[in-house]
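# Structure assessment
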Amino acid sequence: ALSARQPALLVMGSMLGRTGLALVGFYFVAGGQWQRLLFCLAGFIAARLIVTRLLPEAGHHGAGPVTKMSRRAP
């Protein structure tokens, strides 16, 4: 996205494509039953929360905002 001529369009298109793919998968797994669709959504949200907490921030090299732990004494 950094070298794209229209990064916003690329990011939005990617998000819509991934969301559409997940919804199509949910549709086939649910088989027309709303309970299964609800379980798919709950599992997706739970998996996303777990993965985002376990993985380090992408591209974080210690040059981010100053936090309480990283402040230096004057």
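In every chain, residue numbers begin from 1 and rise along the written sequence. Owing to the predicted nature of the model, reporting of local features is limited to residues with pLDDT of at least 70; listing and counting of side-chain atom pairs is limited to 80 or more, with chain, interface and lining totals taken over all residues. In computing side-chain values, all of the structure's heavy atoms are included and hydrogens and water are not.

### Brief notes about helix α1 (residues 7–30)
Heads up, the condition is: Where helices and strands are cited, they refer to DSSP runs of H or I of at least four residues and of E of at least two residues respectively, numbered from the N terminus. Take the residue count of a helix, subtract one, and multiply by 1.5 Å to get its expected span.
Taking 1.5 Å per residue, 24 residues should reach 34 Å; α1 reaches 34 Å between its end C-alpha atoms and fits that length. After α1 finishes, the residue Gly31 shows a positive phi value of roughly 60°.

### Concerning the packing of aromatic side chains
Just so we agree on the cut-off: When two rings of Phe, Tyr or Trp (its six-membered ring) have centres within 6.5 Å they constitute a pair, described as stacked for plane angles under 30 degrees, edge-to-face for angles over 60, and tilted for the intermediate range. Buried, partly exposed and exposed residues are distinguished by accessible area as a fraction of the type maximum, computed with a 1.4 Å probe on protein chains only: under 20%, between the cut-offs, and over 50%, respectively.
Enumeration over the complete set of coordinates arrives at two aromatic pairs. Centroid distance Phe26 to Phe44: 5.6 Å. Interplanar angle 80°. Geometry classified as edge-to-face. Of the two residues, Phe26 sits in helix α1 while Phe44 sits in helix α2 (residues 34–54), which places them 18 residues apart along the sequence. Centre to centre, the rings of Tyr27 and Phe28 are 5.6 Å apart; their planes meet at 70°, and the pair counts as edge-to-face. Across this residue pair, the class does not change: Tyr27 and Phe28 are exposed.

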